[in-house]
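This is what each chain is made of:
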Amino acid sequence: MIQVVTFDFWQTLIIDTPENLQRGKELRLEGTASVLARAGRPIRPEDLEAAYEASGIALTDRFWANHRDPPYREQVKIFLELAAPGVTADLSPELFEEAVAAYITPVLRLLPRPVAGAVEALSALRELGVTLGIISNTGRTPGVVLRKVLDHYGLLGYFTVLSYSDEVGYRKPHPAIFTGTLRRAGAEPAHALHVGDDAGADVAGARSVGMRVGHFRAGGGSPAPEADFVLHHFAELPDRVRSLP
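The shown structure was predicted, so the numbers you read here are calculated from the model rather than taken from an experiment. (Residues numbered from 1 in each chain as written. Predicted model: local features only at pLDDT ≥ 70, side-chain atom pairs only at ≥ 80, totals over all residues. Heavy atoms only, no water.)

(A) Highlighting the pattern of salt bridges. Tallying each qualifying case throughout the model produces 16 salt bridges. Its salt-bridge partner being Glu26, residue Arg23 comes within 3.1 Å of it at the nearest N-O pair. Of the two residues, Arg23 and Glu26 both sit in helix α1 (residues 18-38), 3 residues apart, roughly one turn of that helix. With a relative accessible area of 31%, Arg23 lands in the partly exposed category. Judged by its relative accessible area of 30%, Glu26 falls in the partly exposed class. Here Arg44 ties to Glu46 by a salt bridge, and the two come within 3.3 Å at their closest N and O atoms. Among the residues examined, Arg44 registers a relative accessible area of 49% and is labelled partly exposed. Glu46 sits in the partly exposed class, given a relative accessible area of 45%. (Salt bridge = Lys/Arg side-chain N within 4 Å of Asp/Glu carboxyl O. Helix = DSSP H or I, 4+ residues; strand = E, 2+ residues; numbered from the N terminus. Buried < 20%, exposed > 50% of the residue type's maximum accessible area, 1.4 Å probe, protein only.)

(B) Representation of the nonpolar core within the structure. One finds Val5, Phe7, Leu150 and Phe159 to be the most contacted residues of the largest nonpolar core, which totals 54 residues. Among the elements that take part in this core, helix α5 (residues 93-104) stands out by supplying 6 residues, more than any other. Among all residues touching Phe7, those that are not within four sequence positions of it are Leu122, Leu125, Leu132, Gly133, Ile134, Ile135, Phe159, His194, Val195, Phe234 and Leu237. Leu182, Ala187, Val203 and Met211 belong to the second-largest nonpolar core, a separate cluster that totals 14 residues. (Core = buried A, V, L, I, M, F, W, Y, C linked by side-chain atoms within 4.5 Å. Contact = heavy atoms within 4.5 Å.)

(C) Expanded view of the sheet that holds strand β1 (residues 4-7). Spatial strand order, β5-β4-β1-β6-β7-β8: 6 strands in an open sheet with parallel pairing. With partners counted over all chains shown, the strands left at the sheet margins are β5 (161-164) and β8 (229-231), one partner each. Taken over all neighbouring pairs, the strand axes of this sheet differ in orientation by 20° on average, direction set aside. Direction of pairing for strand β6 (residues 192-196) relative to strand β7 (residues 212-216): parallel, over a ladder of 4 bridges. In the strand pairing of β7, His194 is matched with Val213. Taken strand by strand, helix α10 (residues 175-185) contacts β1, β4 (131-136), β5 and β6, and its axis lies near 160° from that of β5. In the packing of helix α11 (residues 199-208) onto the sheet, contacts are made with β6 and β7, and the angle to β7 comes to roughly 165°. (Pairing = 2+ DSSP bridges. Axes fitted to C-alpha atoms, helices over the stretch in contact; angles between N-to-C directions.)

Take a look at the structure:
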């Protein structure tokens, strides 16, 4: 009997577009440039974009390649120091918080949408007595902001346990982000199902700790062979959960 169902966030529960991602980057850079200018450290747009790309490489090398994640304020500091070395020591607390807000909140101006059928599926699972959770990697947008996205659509209250990588320090497919979530949910892996779109981070990661797995493939593509089932539409999920032994 499945007692817990956890979900990936991006491109599983919440769907974003390449256009939104690009515009979010632009807003992030525009806001950071404004803060640096007011701090007396103006920077050319091309140099700021180069620092942004360099920060992605630095985060990958220091953290993401090892399936770890820093708190979001540390991520912002890495970016600012690459853009203007020494600036984080000079910024007032107020300006630093403005820089943090500019960095982490663009998604709230470019709201992505819940996947079709999400509300109905979550409601049906809750009626079955299943505990619901989220296990998600974060990139430039941390869990504190992703909660606001869920709340905007009335989805936050469905979830008992939320594990975002910037908060727990581990990224999928690291076992710790899965086992920590299940420990907080009070369930054993054999009685838990994870649903996600990524064959490595979601399917292989959840399977490595003994969870059941649904591979979400709304856009088609090759299903992961180790998944218990392939999910094409969220409307199918409650019946899939009922049918698992």
